[in-house]
2 protein chains.
Amino acid sequence: MARYRVGIETRERILSATRRLLSEVGIEGVTLKAITDQASVGAGSFYNLFGSKEEAVFEVVREAIEAVDPDPEGVGTDTLADLVDAFVTFMTDSSPIARIYLQLAVGRGLTDPAIAHRVVRSHQRRVERFADAWLREDPSLSEQEATRRAEVMLASLTGLGLSALLDETFDMRAHARELVPGARSTTEG
Amino acid sequence: MARYRVGIETRERILSATRRLLSEVGIEGVTLKAITDQASVGAGSFYNLFGSKEEAVFEVVREAIEAVDPDPEGVGTDTLADLVDAFVTFMTDSSPIARIYLQLAVGRGLTDPAIAHRVVRSHQRRVERFADAWLREDPSLSEQEATRRAEVMLASLTGLGLSALLDETFDMRAHARELVPGARSTTEG
DNA sequence: TCCATCTTTGAGTGTACGCTACATTTCATC
DNA sequence: GATGAAATGTAGCGTACACTCAAAGATGGA
C-alpha cells in the first residue's frame, strides 16, 4: 500500500487531516467523512491506505506521544530547568498535539487498559529523566527521593498544562518556573 | 414531569442506572438502551422524565462534582491537609466517578469552550478555597502568593490524581502528603 | 366509582456511522 | 502506447444510535 508518489501524498493528507480534526474537534468529531472531506479523498482511497479509521487515529496519536519527550539527544545532560521549559513549550506552543495527547491519555486511557499502559510507560520514562536531573541538581538526594520529587514535579506540570489548555489566560510558564528549586521569585524572562 | 410517586421513583431508577453504567462501562457505554434496560424502563418513560440522554448524564456528573468538595459547611475552617485529603479521597475512593469527572472535564473541555468555562469556574472556586487555607497556615503570605501556591497545589493534585487513575499501583496519598508544608517525610497514617 | 391527568410501552423513524464493492482512472515500466 | 498494478470516487450496505408517538394503563383526588 502506498507505493507510488500520489499514494504517499494521499496518506500524508489523510494523517494531516486526522491530526487537525483530533486537536480541533476532539476524538468524537473524527468521523470517516470528516477525515475524507478534510483530506479531499474518497472513502475508498482511505481504505486503500489504512485498514481502519482507528489505524489512522492511532498513527497520529503515536506521533503525539513521542512528541512529548523533549530533545532526546539531551538525555543525561539537561537541567531541571531545561526539562521544565521543554515541557511548558510543548504544552503551550504545540498545543494541538498536547491537546491530543491529553485527550488520549484521559479520554481513552481511563477506559482502555492498553492505552493506559502506553501512557504510563512513556510517563515513567519521563519520570526517570526528571529524576536524573534532580540527582544532578542535588547529588545528596537518594535515588528514591529523586524519583519521588520527579513524580510530583511531572504531576504538577501535567496539571498546570491542563489548566493552560482549558484557560488561555493561564500563565503556565510563570507557575512552572516556581517548581524549579532556586528559581523561586525570580522574574527574569 | 414526575408529579406522582411512581414518576419520581422511575426518575431515580434511571439516574441510578446511569450512574452505575458511567462508572462501570465508561461514558461510551452509556447508551439509551443500556440505561433503559438497566432501569427496566421503556424509552418513552425516559423521555417523559428527561429531555435528552445528555441531561441524565449531566445530572449524574453534577452530583459527582459537588461531592469533590469536602463538607461545604466547613468553608473557611478546614486546613490545607483537610482539603488535600478530601481531594485524594475523592480520586481514590470514588475513582469511577472521578474518572468520569476527568474524562468530561478534559475530553469535552478541550474542545467545547462552554464546558471549558464551567470547568475553569469550578476550578477557580477550589483555588480560592485552597488559597484561604494557605493564608490561615501562613498569615505572612500575600494574597497573590497564596493564590499562586493554591494554583500549583491543585495542579499537582490533579496530575497526581491522573497518575493514580491510570496506574493502580501509584500511591497518590503518599505523594500528595508531601505537598503540604510541615508534613514532609512524616510517615503517620 | 369516576375520570382527568400522569405514566408507561415498544415498535417505529430518521440519521450518522464505519466500511465495502466495483467500475473507472492514473501511474510506472517496458 | 500497451500493460498490469495501484489509486480513486461513489453508491450503498448493515448497524447502532437517540429520539418520537399513539395507544394503553396506572394513579389518586372528587
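As a reminder, the structure under discussion sits directly above these lines.
So, here's what we can say about the structure. Think of each chain on its own: its residues are numbered from 1, step by step along the sequence as written. Just so you know, chain letters begin at A and ligand numbers begin at 1, following the order they were written in. Since the coordinates come from a predicted model, pLDDT governs what is reported: local features require at least 70, and pairs of side-chain atoms require 80 or more to be given and counted, while whole-chain, interface and lining totals use all residues. Side-chain numbers here rest on the full set of heavy atoms in the structure, without hydrogens or water.

## Some remarks on the packing of aromatic side chains
Link 1 in the chain: Classification of ring pairs uses Phe, Tyr and Trp, with its six-membered ring standing for Trp, and accepts pairs whose centres are within 6.5 Å; under 30 degrees between planes counts as stacked, over 60 as edge-to-face, and the remaining range as tilted. By the definition in use, this model includes five aromatic pairs over all chains.
Link 2 in the chain: On the numbers, 6.4 Å between centres and 75° between planes, the contact of F90(B) with Y101(B) is edge-to-face. Here F90(B) is found in helix α5 (residues 80–93), whereas its partner Y101(B) is found in helix α6 (residues 95–108), with 11 residues between them in sequence.
Link 3 in the chain: With a relative accessible area of 4%, F90(B) lands in the buried category.
Link 4 in the chain: By way of ring pairs, the aromatic residues F46(A), Y47(A) and F50(A) are connected into one cluster.
Link 5 in the chain: Between the NZ or CZ atom of R149(A) and the centre of the ring of W134(A), over which it lies, the distance is 5.1 Å. Under the DSSP-based scheme used, a helix requires at least four consecutive residues in state H or I and a strand at least two consecutive residues in state E, with every element numbered from the N terminus. Between buried and exposed lies partly exposed: a residue is buried under 20% and exposed over 50% of the maximum accessible area for its type, with that area taken using a 1.4 Å probe on protein chains only. Two conditions define a charge sitting above a ring: the NZ of Lys or the CZ of Arg must be within 6 Å of the ring centre, and it must be within 35 degrees of the ring normal.

## Details of the nonpolar core
Link 1 in the chain: Remark: nonpolar core denotes a set of buried residues (Ala, Val, Leu, Ile, Met, Phe, Trp, Tyr, Cys) joined through side-chain atoms within 4.5 Å. By size, the foremost hydrophobic cluster in this structure holds 102 residues, and its most contacted members are F130(A), L157(A), M172(A), F130(B), L157(B) and M172(B).
Link 2 in the chain: We call two residues contacting when some pair of their heavy atoms lies within 4.5 Å. Setting aside residues up to four positions removed in sequence, F130(A) forms contacts with L80(A), L83(A), V84(A), A150(A), M153(A), L154(A) and L157(A).

## A short note on helix α5 (residues 80–93) of chain A
Residue and element names in this part refer to chain A.
Link 1 in the chain: Here, expected helix span is obtained from the residue count minus one, scaled by 1.5 Å. For α5, spanning 14 residues, the distance from its first C-alpha to its last is 19 Å, which sits close to the expected 20 Å at 1.5 Å a residue.
Link 2 in the chain: Residues of α5 that are buried include every one of L80, L83, V84, F87, V88, F90 and M91, and no others. Down the axis of α5, the buried set is contained in an arc of 155°. They therefore lie on one face.
Link 3 in the chain: Looking at the buried positions of α5, the neighbouring elements they touch are α4 (53–67), α6 (95–108), α7 (113–137), α8 (143–166) and α9 (172–177). Each direction from the helix axis to a C-beta atom contributes to the arc, which is the arc of those directions.

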